[in-house]
Amino acid sequence: GEDVEQSLFLSVREGDSSVINCTYTDSSSTYLYWYKQEPGAGLQLLTYIFSNMDMKQDQRLTVLLNKKDKHLSLRIADTQTGDSAIYFCAENGSSASKIIFGSGTRLSIRP
Amino acid sequence: DTEVTQTPKHLVMGMTNKKSLKCEQHMGHRAMYWYKQKAKKPPELMFVYSYEKLSINESVPSRFSPECPNSSLLNLHLHALQPEDSALYLCASSAGLSQPQHFGDGTRLSIL
């Protein structure tokens, strides 16, 4: 079946880079997503990558996709306190309309 | 700020009440979604509308009744809810069914 896995917690020092990793099972995904959820808020579509791409960069964010290993990562450069949130990895799998979410990685920032 | 607007932000209701959650988007998206999110969990899909027609119902209890009056609006009518229905209800929209989904800030629902 379709499954997305990610670690539950990550703690980094302010100013360092954060790398959040994710593995997925469905190789038919068209898109792979990273969503950010701050406390008490909805999900913000942070970035996404087409399955035929290897890398996407958007300001401080870099997404890397390894299709062979079904591994997706999100790198946040120069991590700031405002980056504290839960980050969900997701894919649309074999269903065009249904997103499969990972459990979310809680990113905390140390001063 | 999100381009998907949900109202109300908070709702407290008794188990015998009838209330509605509303969602609006003006991005010209033709697919709209309802999700339920419990604390410390990822969102769970409830309903999908495509071109104002119900496309997916993820075996949601009939006490939740969705409605899509037009391409910009999505409602979720609530009746006789249970305490376990307390959650954050998220609306999302996308240009089409296979396109990236954009979420609203949600309605936090508490059932007494």
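Let us look at the structure shown here. Remember, it's a predicted structure, so these values are computed and weren't measured experimentally.

1. Some words on the interface of chain B and chain A
Here's step 1: Each partner contributes to the interface: chain B provides 23 residues, whereas chain A provides 20 residues.
Here's step 2: Taking both sides of the interface into account, the surface hidden between chain B and chain A amounts to around 1,600 Å²; carbon and sulfur atoms contribute 58%.
Here's step 3: Close ionic contact of Glu58(B) with Lys98(A) constitutes a salt bridge, the shortest N to O distance being 2.9 Å.
Here's step 4: Where chain B touches chain A, the interface holds four residue pairs in polar contact (both at pLDDT 80 or more).

2. Here's the deal with the packing of aromatic side chains
Here's step 1: Applying the stated criterion across every chain, the model contains 14 aromatic pairs over all chains.
Here's step 2: Look at Tyr48(A) and Phe50(A): their rings are 6.1 Å apart centre to centre, the planes differ by 80°, and that puts the pair in the edge-to-face class.
Here's step 3: With a relative accessible area of 35%, Phe50(A) lands in the partly exposed category.
Here's step 4: Judged by centre distance (6.3 Å) and plane angle (70°), the ring pair of Phe101(A) and Phe103(B) falls under edge-to-face. Taken as a pair, Phe101(A) in strand β10 (residues 100-101) and Phe103(B) in strand β10 (residues 102-103) lie in two separate chains rather than in one.
Here's step 5: Residue classification places Phe101(A) among the buried residues on the basis of a relative accessible area of 10%.
Here's step 6: Judged by relative accessible area, which is 3%, Phe103(B) ranks as buried.
Here's step 7: Among the aromatic residues, those joined into a cluster by ring pairs are Tyr31(A), Tyr33(A), Tyr35(A), Tyr48(A), Phe50(A), Phe88(A), Phe101(A), Tyr33(B), Tyr35(B) and Phe103(B).
Here's step 8: The ring of Tyr48(A) has Lys56(A) lying over it, and the distance from NZ or CZ to the ring centre is 4.3 Å.

Reading the values: rules and limits
Residues numbered from 1 in each chain as written. Chains lettered and ligands numbered in written order. Predicted model: local features only at pLDDT ≥ 70, side-chain atom pairs only at ≥ 80, totals over all residues. Heavy atoms only, no water. Contact = heavy atoms within 4.5 Å. Buried area = accessible area lost by both parts, 1.4 Å probe. Salt bridge = Lys/Arg side-chain N within 4 Å of Asp/Glu carboxyl O. Polar contact = N/O pair within 3.5 Å; in protein donor to acceptor, adjacent residues only side chain to side chain. Phe/Tyr/Trp six-rings, centres within 6.5 Å; stacked < 30°, edge-to-face > 60°. Buried < 20%, exposed > 50% of the residue type's maximum accessible area, 1.4 Å probe, protein only. Helix = DSSP H or I, 4+ residues; strand = E, 2+ residues; numbered from the N terminus. Lys NZ or Arg CZ within 6 Å of the ring centre and 35° of its normal.

Just distances and angles here, no functional claims.
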